[in-house]
Amino acid sequence: MQLTIKYFGMLAEATTITEEEIHTDVCSVAQLVEKLKNQYPKLSDKDFKIAINQELVDQNHMITTETEVALLPPFAGG
């Protein structure tokens, strides 16, 4: 499947890109995160949340279709 991955804030700095498209057979958020950390080792020491199609999800969420994935740095509420 094809995924659009978007990186924001310090995560864009760690990867040196703000967006990319990848083709993968990964099926869970945890597997995708592991793949991205292997590709971009600087992500390993960063805290971030994952949004799928603009909704926050946990590591167990299954990715089943072509989708947009956003890696979001910590943010303060207010």
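This report concerns the structure included in the present document. (Residues numbered from 1 in each chain as written. Predicted model: local features only at pLDDT ≥ 70, side-chain atom pairs only at ≥ 80, totals over all residues. Heavy atoms only, no water.)

As enumerated under the stated definition, the model contains one salt bridge in all. Between Lys 6 and Glu 68 there is a salt bridge, with its nearest N and O atoms 3.2 Å apart. Placement of the pair is Lys 6 in strand E1 (residues 2–7) and Glu 68 in strand E5 (residues 67–72), with a sequence separation of 62 residues. (Salt bridge = Lys/Arg side-chain N within 4 Å of Asp/Glu carboxyl O. Helix = DSSP H or I, 4+ residues; strand = E, 2+ residues; numbered from the N terminus.)

Moving on to the sheet that holds strand E4 (residues 55–57). The five strands lie next to each other as E2-E1-E5-E3-E4, forming an open sheet whose pairing is mixed. Edge strands, defined here as strands with exactly one partner in the open sheet, are strand E2 (19–23) and E4. Neighbour-to-neighbour, the strand axes of this sheet turn through a mean angle of 30°, independent of strand direction. Pairing of strand E3 (residues 49–52) with E5 involves four bridges; the strand directions are antiparallel. Within the sheet, the bridge partner assigned to Ile 52 lies in E5 and is Val 69. (Pairing = 2+ DSSP bridges. Axes fitted to C-alpha atoms, helices over the stretch in contact; angles between N-to-C directions.)

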